[in-house]
Every structure is written in structure tokens, then in C-alpha cells.
Amino acid sequence: MQSDFSVIEGAYLRDILDQPHALDETLAGLKVSENLHQLAVRLQEGKFKTVVLTGMGSSFHALHPLNIELINHGLTAIMVETSELLHYRNRLFDPTTLIVAVSQSGQSAEVVRLLEINRGKSSVIAITNTPGSPLAEHSDATILSRAGEEFSVSCKTYLTALMALQWLGDVLCDRDLRHTQQELKAASPAVRDYLAHWKEHVQSLAQMLRGTRHLFLVGRGASLAAVGTGALIVKESDHFHAEGMSSAAFRHGPFEMLSDETFVLVFAGEHKTRELNRRLFEDVRGQRGRAEFVGEGAAFPPCNLPSAPRSIHPILEILPVQMVTLALAAQVGREPGRFELASKVTTKE
């Protein structure tokens, strides 16, 4: 049975296909301003005790790779949703705290409130797609992603935020930015190569997902970015329930939900835990569950990621989930990504 592509060939798909261009534009604009340089020096000199990474939705999930990189570099870094930071972790607003705040719009309710409450207590580095926004204007240093306008669901803004955060991590850890630039250059061609086959991917996934009622996305480490964002965009795009969690957490309960109506997308991730993830994939299938493995060399073409430097794996990992959102929409004849209740910018806490 062939899926009806006409219903999905709208603004959301155009944004997905524009992602290589958005990545090119973002990379071209990445520069180390004097303010950013000074904050990095202060961090390296131990002037900041804690780095707080904050955002909401996909902006929050995108922080997982940076969180791991900073901790591995010997820094004390924590991820906190902005809503929780405002109301339950506000003692972290302190001169010895460096805040990295991610917001595509730069004007969501939580980030505006953060700027009001902080009032110069902590230094703030902003990652945003919107120059002139409150976040861009009132932060100590700003890195702009250059995704352009976006219809609804975060796709190109998410990928460009990941690129900007990888750049920021290497700035804060005083790494060779020429090497960073070379690795990030590989992102756009790799995304373009994958998206060149979008119709085949969507058709294959539409058949694979037929009869699915429960969708789980699981992974470890940096893959938690794709896991969290993936579940979010499936719900936003398709009004279809999906859960994102760690591979380990899936064994602690949800494993009991395996059935013909449950589909599990397992992300291979980095080498240190890849075999653990593969074992989960095999165990799911061993219980007659339905699952696919996402990574380089995957047997199922929509889940087969292009070979690329480790630093851009988080960018590539979300692509199969974007194809899932299109496939689920094609199955039911619904335009993906058209909001009916929510809005692009969340203006209420």
C-alpha cells in the first residue's frame, strides 16, 4: 500500500528539506566574540563554579551532548528546565554560575522570566535563532543559529542549535576551533545525503509502523537529545503518543508493554554503550517485539545514518524520527506539523 505524499508535502516538509542550507548558514556565522572569549577564559580560570544549561522542549533536550562534554572536561555542569530553574533552583542565580540558555524564539515565557529574575546575578550565554529577541539582547554573549523562519515544529532550528552548542562547547573547553569547523562542515552534506531519499524512507516507515499504538524512543548519552526531542516532535507533528527515555529506563517497566502494537526505536549511540543498546534491541525482538536500530550501518535504510564525525552524530540521529513524523501523518492523511492548540512561541508559563 502506497502512502499519500500529497498531504505531507507542505511547510513542515519544506523546513525539513531546508536543513542542510540552515546548517551551512549557521556554520558560516559562528564566531567567537570578545564577550564570549572573556567568559570562556573566566570559566577556564575557575571563576565559575557551575555551568547551568537550560531551555524548554527541544531546546532543553539539545543540551545533552554539551552537558556530557563539559563534565568530561572536568567542569561541573547541570541541566535544568528553565521552568524548574525559575521556581525550584533559583539559588543557582549567583555570580559563580554561568548560564547557557537556549531558546529558538528568545522570547518564550520562561526565558523572559529568567532574564527578569537573574538581573545580572549570573553571566548568561544565549543560543537563539532570533536576533533582537530579549534573550539575544540581554545576555552577556549570544550565539545565533541561522535557520531562518520555521513553520511550526522544531526541525532546522533544532539542528542549528545542536551545531551552535557543539561550537560553544569547544570554545568553553578551549579546543582547536579549526578542527571543530572542519568536523561541523561535514554536517550539511551528510544531512543532504540522507534527505535525498526522504520519499523512500517515509514509504518504508509507513509500512513498518502500521498497527503501532505505542512508540518508544530509547538511547543513552548524547542520544538522549534525539530521544527526548524525537518523542516531542512526534506528539507535536502527528498527535500521536510517543515516549523518549534512556535504554536502561526502558527495561525498568516499559519492557512489559512489548506487543504487536508497540514499536521501539533504539539508538546505537557511542561505542561505550552501543553493545548495551544492541542487546536491548535484540531482547525486544527476542520477545517478539517490534524494533529497529538507528546508527551507522543499520540494516533498515531509514535508520541507517551516514558515516560522520562523532561531534555531529546528534544532528544526524534526529533525521529518522523526522521521517517517522511524516510517515505517521501519511498513514492517516493528516498534514504534519500544523498546530491546532499550541503556538510556535509559548507565551504562558
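Here, the structure is the one placed above.
A brief report on the enclosed structure follows. For clarity, every value in this text was computed on a predicted model and none was experimentally measured. (Residues numbered from 1 in each chain as written. Predicted model: local features only at pLDDT ≥ 70, side-chain atom pairs only at ≥ 80, totals over all residues. Heavy atoms only, no water.)

1. Focus on the sheet that holds strand β6 (residues 214-219)
Read across the open sheet, the five strands follow the order β7-β6-β8-β9-β10; overall the sheet is parallel. Lying at the two open borders of the sheet, with one neighbouring strand each, are β7 (242-246) and β10 (304-305). One ladder, built from five bridges, connects β6 with β7; its direction is parallel. Residue Val 218 lies in a different strand from β7, and its bridge partner there is Met 245. Of the strands in this sheet, β6, β7 and β8 (262-267) touch helix α13 (residues 224-238), which is tilted by about 170° from β7. (Pairing = 2+ DSSP bridges. Helix = DSSP H or I, 4+ residues; strand = E, 2+ residues; numbered from the N terminus. Contact = heavy atoms within 4.5 Å. Axes fitted to C-alpha atoms, helices over the stretch in contact; angles between N-to-C directions.)

2. Quick notes on the sheet that holds strand β4 (residues 123-128)
In a beta sheet, neighbouring strands are held together by backbone hydrogen bonds and run either parallel or antiparallel to one another. Strand order in this open sheet of five strands is β2-β1-β3-β4-β5, and the pairing throughout is parallel. Because the sheet does not close on itself, it has two edges, and the strands there are β2 (77-81) and β5 (141-144). Neighbouring strand axes in the sheet, compared pairwise and without regard to direction, differ in orientation by 20° on average. Of the strands in this sheet, β3 (97-102), β4 and β5 are in contact with helix α9 (residues 156-172), which crosses β4 at around 145°.

3. Regarding the nonpolar core
Ranked by internal contacts, the top residues of the largest apolar core, which has 86 residues, are Val 100 and Leu 168. Among the elements that line this core, the one with the most residues is α9, at 10 residues. (Core = buried A, V, L, I, M, F, W, Y, C linked by side-chain atoms within 4.5 Å. Buried < 20%, exposed > 50% of the residue type's maximum accessible area, 1.4 Å probe, protein only.)

4. Brief notes about the layout of surface pockets
In this model, the largest pocket occupies a volume close to 860 Å³. Lining the largest pocket we find 40 residues, and of these Gln 104, Glu 236, Ser 343, Lys 344 and Thr 346 sit closest to its centre. By residue class, the composition of the lining of the largest pocket is 11 nonpolar, 21 polar and eight charged. (1 Å grid on protein atoms, 1.4 Å probe; cavity = no way out; pocket = protein on both sides within 12 Å on 5 of 7 lines; lining within 4 Å. Points joined across faces, edges and corners; volume = space filled by probe spheres on them. Nonpolar A, V, L, I, M, F, W, Y, C, P; charged D, E, K, R; others polar.)

These figures come from the coordinates and say nothing about function on their own.
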